[in-house]
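Structure assessment
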Amino acid sequence: MFVRCLYSTEQTKTKCLKINAVQQKLMQQFLLKKGDFSKFVNTAIKDSDFVAPVEGSREKQNTRPFFREISSADEIYLGRKSYYTVKGFFFRENEKIFGFNGNKIINPESELKDTIYFGLRRCDLNGIYHQDIVFLDENEDPFYKARRDASLLIGYHCREGDDYCFCNSMELVDFFDLMFYDKGENYAVETGSEKGNSFVKKYSKFFTKADNAVSDEDRKTVNRKKLNTADIKDDYDNDDWKKGSDICVSCGACNFLCMNCHCFDFEDDVEFDLKAGSRIRKPASCQLRSFTRVAGNHVFRNERNARFKHRIYHQLQYFRERHNVQFCTGCGRCIEGCPVRIDWVEIINEMKK
Ligand code: SF4
Ligand code: SF4
């Protein structure tokens, strides 16, 4: 997978430039006529599962854009970034880790098919990059790995963010197999991996080689919103955090909507006779008091203010301290989806004035 820093500090820029020198050879650029787009998608759908953003509607029981498996190019919606991320396709909501029957351990069967994920915005792709660090680099998770191995990631570049996006304030990298850029009558398509190059080869009748099809201008995104600084290491005791935590209802929507959040709980589902059952992994939320309860009934983040700050510090500081990668991708979904509209970016901006 190709990684190149877009908005970065000198430190990460140097690291990424080294990777870039090795991997740049992989990059190729093509044009795909918009008139051929539906035919291209409908051809690819015959070979693989195809997941893409669709517009929400009451009939689809989701009123905002979300990702789902589609059966025709007509279903794709690219009007704005999806409200719900693609996270649940990789990090499942209810993952059966194993079952048992008597003394016998039963491993869950996998029915994985190759899957194309289309229409991922740069924030979504960076979120997958971060999930990879957690589920592949640290301790390889076989369930996550199998899904990632079977995936092909196709991005769709945002020319303009919405009212909540502040991705330009964050350190995003290029991370994709293919990236689509809207160029009027055509899509300019950039490859970022061997997988991406093989894919273009497979569907070569739709792609025309076009060196320099993507300019630096094409890669830019306009944001109206800005996080003035992500450096909050000396602000932990600032009273301004209360502007958020005093009205937070600890619902966990911010964790659920964030492509990066990856905490989980295990639940054992055991038959009444205790002879059979299964262990299930479920996403969890650091905003819930119950999540911070450990053995011995000790609650280590009892105060809402501590839980509220923990999420922001994890996004801006703790992950970077551990992995040298900035975690938050500036998608703004946690602000858009917060039922009481807590805007932590504005809280930090005000705090820093
Ligand atoms: S803006 Fe919010 S939802 Fe988006 S990546 Fe950052 S913390 Fe997660
Ligand atoms: S979505 Fe808003 S109210 Fe809910 S836990 Fe997150 S910050 Fe608090």
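Because the structure is predicted, anything quoted here is derived from the model rather than measured.

Per the secondary structure count, the protein chain includes eleven helices and 16 strands. Taking 2.2 N^0.38 as the reference for a compact globule, 353 residues should give roughly 20 Å; the C-alpha atoms of the protein chain span a radius of gyration of 21 Å, in line with that estimate. Based on the C-alpha atoms only, the size of the protein chain along its principal axes is roughly 65 × 60 × 45 Å. Counting only residues that meet the buried cut, the protein chain has 52% of its 353 residues in that class. Residue pairs in contact within the protein chain that sit at least 24 positions apart in sequence constitute 73% of those at least 6 positions apart. Working note: accessible area of the protein chain is about 17900 Å², and carbon and sulfur atoms make up 47% of it.

In a beta sheet, neighbouring strands pair by backbone hydrogen bonds and run either parallel or antiparallel. What the four strands build is an open sheet, ordered E6-E5-E14-E13; its pairing is antiparallel. At either margin of the open sheet sits one strand with a lone partner, and together these are strand E6 (104-106) and strand E13 (264-270). Mean inter-strand twist for the sheet, computed between neighbouring axes without regard to direction, equals 20°. Bridge count for E13 against strand E14 (residues 276-283) is seven bridges, and the pairing is antiparallel. Looking at the pairing, Phe-264 lines up with Pro-283 of E14.

The next point concerns a nonpolar patch on the surface. Taken together, the side chains of Ile-247, Val-249 and Val-340 present a nonpolar region at the surface, about 230 Å² in accessible area. Mapping Val-340 onto the fold places it in the loop between helix H10 (333-336) and helix H11 (344-351).

Residue Asn-212 is not a glycine yet carries a positive backbone phi of 65°. Along the polypeptide, Asn-212 turns up in the loop between strand E12 (208-209) and helix H7 (242-245). Asn-212 gets classed as exposed once you look at its relative accessible area, which sits at 70%. Positive phi, normally seen in glycine, also occurs at Asn-297, with a value near 60°.

Any two side chains of opposite charge can pair, so long as their charged atoms come close to each other. For the structure shown, the criterion picks out 31 salt bridges. We note a salt bridge from Asp-141 to Arg-281, for which the minimum N-O separation is 2.7 Å. Residue Asp-141 is located in the loop between helix H4 (122-138) and helix H5 (142-149), and its partner Arg-281 is located in strand E14; the two are separated by 140 residues in the primary sequence. We note that Asp-141, like Arg-281, is buried. Residue Lys-352 is joined to Asp-235 by a salt bridge in which the shortest nitrogen-to-oxygen separation is 2.6 Å. Placement of Lys-352 in the segment after H11 and of Asp-235 in the loop between E12 and H7 is noted, with a sequence separation of 117 residues between them. Asp-235 gets classed as buried once you look at its relative accessible area, which sits at 12%.

So, about the site of ligand 1. In the region of ligand 1, the neighbouring residues are Phe-166, Cys-258, Asn-260, Arg-311, Gln-315, Cys-328, Thr-329, Cys-331, Gly-332 and Cys-334. Residues belonging to the shell around ligand 1 are distributed by class as follows: five nonpolar, four polar and one charged.

As a further point, take the nonpolar core. Phe-40, Phe-50 and Phe-180 are the most contacted members of the largest nonpolar core, which has 29 residues in total. For this core, the secondary structure elements donating two or more residues are strand E2 (29-33), helix H2 (37-47), strand E3 (49-54), strand E7 (115-120), strand E8 (151-156), strand E10 (178-183), strand E11 (186-191) and helix H6 (194-202). Of the residues forming this core, the biggest block, five residues, is contributed by H2. Ignoring any residue separated from it by four or fewer positions in sequence, one finds Phe-40 in contact with Leu-32, Phe-180, Phe-199, Tyr-203, Phe-206 and Phe-207. By size, the runner-up hydrophobic cluster in this structure holds 28 residues, among which are Val-51, Phe-90, Val-173 and Tyr-181.

Among the residues of H5, those classed as buried are Tyr-144, Arg-147 and Arg-148. Viewed along the axis of H5, the buried residues span an arc of 100°, placing them on a single side of the element. Considering only its buried residues, H5 is in contact with helix H3 (87-90), strand E5 (95-101), H4, E8 and H6. N-cap assignment for H5: the residue whose side-chain oxygen lies 3.2 Å from the backbone N of Phe-143 is Asp-141.

In this section: the state of the cysteines. By definition, a disulfide links two cysteine residues through a covalent bond between their sulfur atoms. Inspection of the entire model under this criterion finds zero disulfides. Of the cysteine sulfurs around Cys-261, a residue in no disulfide, the closest is that of Cys-258, at 3.9 Å.

Put simply, H4 and helix H9 (residues 304-323) touch, their axes get as near as 13 Å, and they point 45° apart. Taken together, the axes of H4 and H9 lie oblique to each other. Relative to H9, the crossing made by H4 is left-handed. Of H9, the residues touching H4 (which contributes His-130, Ile-133, Val-134 and Glu-138) are Phe-319, Arg-322 and His-323. Residues of the contact of H4 with H9, tallied by class, amount to three nonpolar, two polar and two charged.

Moving on, we come to the side chain of Lys-309. Among the secondary structure elements, Lys-309 is positioned in helix H9. Here Lys-309 sits buried without a salt bridge, and the closest side chain of opposite charge, Asp-237, lies 4.8 Å off (N-O distance). Beyond its immediate stretch of four places on either side in the chain, Lys-309 contacts Tyr-236 and Trp-241.

What counts as what
Residues numbered from 1 in each chain as written. Chains lettered and ligands numbered in written order. Predicted model: local features only at pLDDT ≥ 70, side-chain atom pairs only at ≥ 80, totals over all residues. Heavy atoms only, no water. Helix = DSSP H or I, 4+ residues; strand = E, 2+ residues; numbered from the N terminus. Rg over C-alpha atoms; globule rule 2.2 N^0.38 Å. Buried < 20%, exposed > 50% of the residue type's maximum accessible area, 1.4 Å probe, protein only. Contact = heavy atoms within 4.5 Å. Areas by Shrake-Rupley, 256 points an atom, 1.4 Å probe, with all protein chains shown as cover. Pairing = 2+ DSSP bridges. Axes fitted to C-alpha atoms, helices over the stretch in contact; angles between N-to-C directions. Patch = residues over 30% accessible without salt bridge, like charges linked within 9 Å, V, L, I, M, F, W, Y side chains within 5 Å. Salt bridge = Lys/Arg side-chain N within 4 Å of Asp/Glu carboxyl O. Near = heavy atom within 4 Å. Nonpolar A, V, L, I, M, F, W, Y, C, P; charged D, E, K, R; others polar. Core = buried A, V, L, I, M, F, W, Y, C linked by side-chain atoms within 4.5 Å. Arc of directions from axis to C-beta. Polar contact = N/O pair within 3.5 Å; in protein donor to acceptor, adjacent residues only side chain to side chain. Disulfide = S-S within 2.5 Å. Parallel < 35°, antiparallel > 145°, perpendicular 65-115°, else oblique. Left-handed = near helix turned anticlockwise from the far one by under 90°. Lys, Arg positive; Asp, Glu negative; His and termini not counted.

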